[in-house]
Amino acid sequence: MGNLTGKTALVTGSSRGIGRATAMRLAREGALVAVHYATGEEAAAEVVATIEKDGGRAFAVRAELGVPGDVHQLFLGLEEGLKERTGTTRLDILVNNAGVMGGVKPEDTTPEQFDRLFAVNAKAPFFIIQRALPNMPSGGRIVNISSGLTKFANPDEIAYAMTKGAVEMLALHYAKHLGPRNITINSVAPGITRNGNPLFDIPEAVEQMAALSTFNRVGDPQDVADVVAFLASDDARWITGSFVDASGGTLLG
Ligand code: NDP
């Protein structure tokens, strides 16, 4: 029996990358996992199928974040899926993982691009938490995926890093608010982590990115998923409001 048996979890953006690895890890620990996606319907279905093949429980939920009505749509699918499988809409674990990168120099960033980054990366997590809290019992867990770029300068990602700075505020202030309800909230900051970006197919680029970590490799999604799973577990009951550096030592300088 895993340490999350009987728990329910929502992992946003879990059709790919870190979210996918997190959904699979939480399911392996016994949680019923809502695999959220925006465009990757097949990818999300594949995550659900893989979890079920391994004996876990999951279902897919579609909602594009960063557009009007996004959180409403997300919770329609989430609550329907939870009710069908558990008879209630109780949500024990929320992982705000879905995010978009900028990759545009500050001098070229348009107001529209800036607004889009904030809408998906910062506004959506805020309102997802707001909507999730009435469903979250004592012992609930919220983990927000930030980025090492809140502490590591990269002038090409200023607007993106600003969104992650905003995300980190959720843990600090909500931790105080949610302590009396015995709910924890923390930020996890990955460093460069292998995802579907074609950059990871170029050996020279991977070598350069790997050199940023003290372990001289790029992160795997599982490296981050394992940290999230710990924070989602009962073992992490005394940790709240914290910033967890999951960058493989990149932030050591
Ligand atoms: P990927 O690009 O591999 O996957 C992004 C996920 O988020 C997908 O499931 C995607 O859904 C979903 N998503 C993206 N935009 C939206 C949207 N508008 N609405 C709903 N869902 C959306 O992400 P990573 O695994 O690389 O990153 C995950 C998190 O980690 C992000 O918050 C990112 O900022 C952060 N991070 C990543 C790092 C890295 O090096 N990879 C480093 C530091 C932080 P779909 O495909 O279905 O559209």
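Everything here concerns the structure above.
The following paragraphs examine the structure supplied in this document. Only a predicted model underlies this, so the values are computations on that prediction, with no experimental measurement involved. (Residues numbered from 1 in each chain as written. Predicted model: local features only at pLDDT ≥ 70, side-chain atom pairs only at ≥ 80, totals over all residues.)

### Regarding the overall build of the chain
Quick reminder of the rule: In this description a helix means any DSSP run of H or I spanning at least four residues, a strand means any run of E spanning at least two, and both kinds are numbered starting from the N terminus. For the radius of gyration, the atoms used are the C-alpha atoms, and the globule rule reads 2.2 Å times the number of residues raised to 0.38.
Each helix and strand counted, the chain has seven helices and seven strands in total. In the chain, the succession of helices and strands from N to C terminus is β-α-β-α-β-α-β-α-β-α-β-α-α-β. Taking 253 residues into account, the globule formula puts the C-alpha radius of gyration at 18 Å, and the chain, at 17 Å, falls close to it. Principal axes of the C-alpha set define a box for the chain whose edges measure 50 × 35 × 35 Å.

### Some points on the environment of leucine 172
By secondary structure assignment, the location of leucine 172 is in helix H5 (residues 158-178). Placed 65 residues apart in sequence, leucine 172 and arginine 237 show a C-alpha to C-alpha distance of 16 Å.

### Considerations on the site of the ligand
Heads up, the rule is: Here, nearness means that the C-beta atom of a residue, built from backbone geometry, sits within 6 Å of the molecule or strand in question. Under this grouping Gly is polar, as are all residues other than the nonpolar Ala, Val, Leu, Ile, Met, Phe, Trp, Tyr, Cys and Pro and the charged Asp, Glu, Lys and Arg.
Around the ligand sit 26 residues in total, of which Gly13, Gly17, Ala38, Gly40 and Gly99 are the nearest. Within the shell around the ligand, the residues separate by chemical class into ten nonpolar, 14 polar and two charged.

### Observations regarding the nonpolar core
The criterion, for reference: The nonpolar core is taken to be a set of buried Ala, Val, Leu, Ile, Met, Phe, Trp, Tyr and Cys residues joined by way of C-beta atoms within 7 Å. Labels follow a simple rule on C-beta atoms placed from the backbone: if 20 or more others lie within 10 Å of a residue's own, it is buried; if 12 or fewer, it is exposed; otherwise it is partly exposed. For every residue pair, C-beta atoms are placed from the backbone, and the pair is scored as a contact if these atoms sit within 7 Å.
Among the nonpolar cores identified, the biggest contains 66 residues, and Ala9, Ala23, Leu26, Val33, Val35, Val188 and Val228 are the most heavily contacted of them. Not counting residues up to four positions away in its chain, the partners in contact with alanine 23 are Val11, Ser14, Val33, Val35, Val47 and Ala58.

### Quick notes on the pairing of strand E3 (residues 57-62)
So the rule is basically this: DSSP calls a pair of strands paired once it identifies at least 2 bridges connecting them. Seen with its strands pointing away from the viewer, a crossover is right-handed when the path leading from the first strand over the helix to the second is clockwise.
Both strand E2 (residues 32-37) and E3 contribute to a ladder of six bridges, which runs parallel. When the bridges of E3 are listed, histidine 36 appears paired with valine 61. The β-α-β motif built from E2, the intervening helix H2 (residues 41-53) and the parallel element E3 has right-handed crossover chirality.

### Comments concerning the packing of helix H1 (residues 17-28) against H2
Definition in use: Every axis in this analysis is a line fitted to C-alpha atoms, fitted for helices over the stretch in contact. Angles between the N-to-C directions lie between 0 and 180 degrees. Small angles under 35 degrees read as roughly parallel and large ones over 145 as roughly antiparallel, with 65 to 115 read as roughly perpendicular and the rest as oblique. Here a crossing is called left-handed whenever its near helix is offset anticlockwise from the far helix by less than a right angle, and right-handed whenever the offset is clockwise.
Where H1 contacts H2, the axes come no closer than 10 Å and their chain directions differ by 25°. In this view, H1 runs roughly parallel relative to H2, as classed from their interaxial angle. Like other packed secondary-structure pairs, H1 and H2 cross with a definite hand, here right-handed. Here H1 contributes Arg20, Ala23, Met24 and Ala27 to the contact with H2, which in turn contributes Val47, Thr50 and Ile51. Looking at the contact of H1 with H2, its residues break down into five nonpolar, one polar and one charged.

### Topic: the packing of helix H4 (residues 111-132) against H5
The interhelical angle for the contact between H4 and H5, taken along N-to-C directions, is 15°, at an axis separation of 8 Å. Here H4 is positioned roughly parallel relative to H5, judged by the angle of their axes. Read as a crossing pair, H4 and H5 show a hand that is right-handed. On the side of H4, the interface is formed by Phe114, Leu117, Phe118, Asn121, Ala122, Pro125, Phe126 and Ile129, while H5 contributes Ala159, Tyr160, Thr163, Lys164, Ala166, Val167, Leu170 and Tyr174. Here the residues of the contact of H4 with H5 are counted per class, giving 13 nonpolar, two polar and one charged.

### Describing H4
Going by this rule: Expected helix span is given by 1.5 Å per residue-to-residue step, counting one fewer step than there are residues.
In a regular helix each residue adds 1.5 Å, so 22 residues correspond to 32 Å; H4 covers 30 Å between its end C-alpha atoms and thus fits that length. Within the span of H4, buried status applies to Leu117, Val120, Asn121, Ala122, Ala124, Pro125, Ile128 and Ala132. Each element contacted by the buried residues of H4 is listed here: helix H3 (70-86), strand E4 (93-96), strand E5 (141-145) and H5.

Limitation: the analysis is restricted to geometry and does not speak to function.
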